[in-house]
Amino acid sequence: MRARQLEVFTAIMRAGTVTGAARSLNISQPALSQVLRHAEDELGFLLFNREKGRLHPTPEAVELYPEAERIFAGLEGLRRKTTDLKKGKSGLVRIAASPPPSLSVLPKALQSLRKKHPDIQLRAHVAPLGTLITMLRAGDANLALALDDRMPHDIQAEPLAPVRFCCLMAQGSALAARAEVSFGDLAGQTVISYRSQTRPREELEKAAPSHVRFDPDLEIDSSFSAVGFVQAGLGVAVVDALTPWAQFQGLCLRPLRDSPTVPLSLLTLKERQLSQANLFMSDELRQICPGFEPPLS
């Protein structure tokens, strides 16, 4: 019995009449009767006896009905599920991010998505770039955010916004009196910044004037780890301006003059098609990222 035939059969059994069944399915009585006749022809036995314009279920129909109801209920659930997925009323978003976007743009994007699609399930992970790529390949994440757009051949990188750098220092630092800090101002300071062979370090080295060498005294893997070092008075950190540094006590932020940029990028696996829920998430990030400017204080 085909799905449409099953739908007609259960509708007649529920309503008890052709008229009521046709009304519940929003089809004409002749169309309903035609589907029923085709079902009986294919089954090889009658489902209903016709007596004085009324249908009476046969013993075979009575025996089939409980199983038909169970199957039809499953089909109805599947139909509702597919409709919900299409409209974004359900689904699952798996997104991973490096620390800077996970503390800034990602919460805002998730907040906006939740308002529009409250039934979508969310799973967020924070990890370094290498782990983000591994998660995408393994299917543990369908989307990722990172401060880089140079990826392996199987990873698609979509730049969303340029991210500048800033200087992070302890309150009371001599540099705090300046409106902005130049590369030259860092001379004589203990500089805390990214380790070599990373995209941020590469861009900072290229942006430094020829007579000023950008060579951090204390290298870090993640800009977030600079917080404790700066609070301890170990030096001045040159870090991304995306992280909401103002939320940390005892720190002072100043823009880096002539700062280079690194791209905040949306990463996906090229061979994997995104679900509707993940497409909604991607759109939220595209809308938020271009105009996102974390405050400096």
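In this text, all values refer to a predicted model and were calculated from it rather than measured experimentally.

Concerning the overall build of the protein chain
Counting secondary structure elements, the protein chain contains 10 helices and 12 strands. Summarising its shape, the C-alpha atoms of the protein chain cover approximately 105 × 35 × 25 Å along the three principal directions. The burial tally for the protein chain puts 46% of its 297 residues in the buried class. Sequence separation of 24 or more characterises 74% of the internal contacts of the protein chain that already satisfy a separation of 6 or more. Of the accessible surface of the protein chain, which amounts to about 15,600 Å², a share of 50% is contributed by carbon and sulfur atoms. Side chains of the protein chain give 35 positive and 32 negative charges; the mean places of these two sets differ by 6 Å.

Some remarks on the sheet that holds strand β3 (residues 92-97)
Neighbouring strands of a sheet are bound in pairs by backbone hydrogen bonds; such pairs are parallel or else antiparallel. Strands sit in the order β4-β3-β5-β12-β6 across an open sheet of 5 strands; the sheet is mixed. In this open sheet, the two strands that pair with only one neighbour each are β4 (121-126) and β6 (155-163). Averaged over neighbouring strand pairs, the angle between their axes works out to 20 degrees when direction is ignored. In this sheet, strand β12 (residues 262-269) lies alongside strand β5 (residues 143-146) in antiparallel orientation, the contact comprising 3 bridges. In the sheet register, Leu145 faces β12, and the bridge partner there is Leu266.

Observations concerning the side chain of Ser265
By the element assignment, Ser265 lies in strand β12. Assessed through its relative accessible area of 0%, Ser265 is described here as buried. Aside from chain neighbours lying at most four places away, what touches Ser265 is Ala144, Leu145, Ala146, Asp148, Asp149, Ala157, Glu158, Pro159 and Leu160.

Here we look at the sheet that holds strand β9 (residues 218-220)
Ordered in space as β9-β8-β10-β7-β11, the 5 strands form an open sheet in which the pairing is mixed. Two strands bound the open sheet, and with one partner strand each, they are β9 and β11 (251-255). Across the sheet, the mean angle from the axis of one strand to that of its neighbour is 30 degrees, orientation sign disregarded. Here 3 bridges tie strand β8 (residues 191-194) to β9, and the two strands are oriented parallel to one another.

Some thoughts on the environment of Pro152
One can find Pro152 in the loop between β5 and β6. Spatially, the C-alpha atoms of Pro152 and Leu274 are 19 Å apart, while their sequence positions differ by 122 residues. Sequence-distant contacts of Pro152, defined by excluding residues within four places in its chain, comprise Ile133 and Arg137.

Focus on the pattern of salt bridges
Here the structure, examined in full by the defined rule, presents 20 salt bridges. When the shortest N-O distance is used, the salt bridge between Glu284 and Lys116 registers 2.8 Å. Of this pair, Glu284 sits in helix α10 (residues 276-288) while Lys116 sits in helix α6 (residues 105-116), and the two are 168 residues apart along the sequence. Note on Glu284: relative accessible area 5%, which makes it buried.

Topic: the packing of aromatic side chains
Inspection of the entire model under this criterion finds 6 aromatic pairs. Geometrically, the ring pair formed by Phe183 and Phe214 is edge-to-face, given 6.0 Å between the ring centres and 85 degrees between the ring planes. With Phe183 in the loop between β7 (165-170) and β8 and Phe214 in the loop between α8 (199-207) and β9, this pair connects stretches of sequence that are 31 residues apart. An identical accessibility class is assigned to Phe183 and Phe214; each is buried.

Regarding the environment of Arg150
Residue placement: Arg150 occurs in the loop between β5 and β6. Measuring from C-alpha to C-alpha, the distance between Arg150 and Leu204 comes to 16 Å, with 54 residues separating the pair along the chain. Excluding its chain neighbours within four sequence positions, the residues that come into contact with Arg150 are Arg199 and Glu202. Here Glu202 takes part through its side chain, which lies 2.9 Å from a polar atom of the side chain of Arg150.

Topic: unusual backbone geometry
Most peptide bonds take the trans configuration, and most residues that are not glycine carry a negative phi. Of note, Asn26 is a non-glycine position whose phi angle comes to about 60 degrees, a positive value. Take Asn26: its relative accessible area is 72%, and that puts it in the exposed class. One non-glycine residue with positive phi stands out, namely Asp258, at about 55 degrees. Assignment of secondary structure puts Asp258 in the loop between β11 and β12. When its relative accessible area of 60% is taken as the criterion, Asp258 is described as exposed.

What about the side chain of Asp148?
Along the polypeptide, Asp148 turns up in the loop between β5 and β6. A relative accessible area of 9% places Asp148 in the buried class. Here Asp148 is in contact with Leu129, Arg199, Pro263, Ser265 and Leu267, once residues within four sequence places are set aside.

What counts, and at which threshold
- Residues numbered from 1 in each chain as written.
- Predicted model: local features only at pLDDT ≥ 70, side-chain atom pairs only at ≥ 80, totals over all residues.
- Heavy atoms only, no water.
- Helix = DSSP H or I, 4+ residues; strand = E, 2+ residues; numbered from the N terminus.
- Buried < 20%, exposed > 50% of the residue type's maximum accessible area, 1.4 Å probe, protein only.
- Contact = heavy atoms within 4.5 Å.
- Areas by Shrake-Rupley, 256 points an atom, 1.4 Å probe, with all protein chains shown as cover.
- Lys, Arg positive; Asp, Glu negative; His and termini not counted.
- Charge placed at Lys NZ, Arg CZ, Asp CG, Glu CD.
- Pairing = 2+ DSSP bridges.
- Axes fitted to C-alpha atoms, helices over the stretch in contact; angles between N-to-C directions.
- Salt bridge = Lys/Arg side-chain N within 4 Å of Asp/Glu carboxyl O.
- Phe/Tyr/Trp six-rings, centres within 6.5 Å; stacked < 30°, edge-to-face > 60°.
- Polar contact = N/O pair within 3.5 Å; in protein donor to acceptor, adjacent residues only side chain to side chain.

This is a description of form; function is not addressed.
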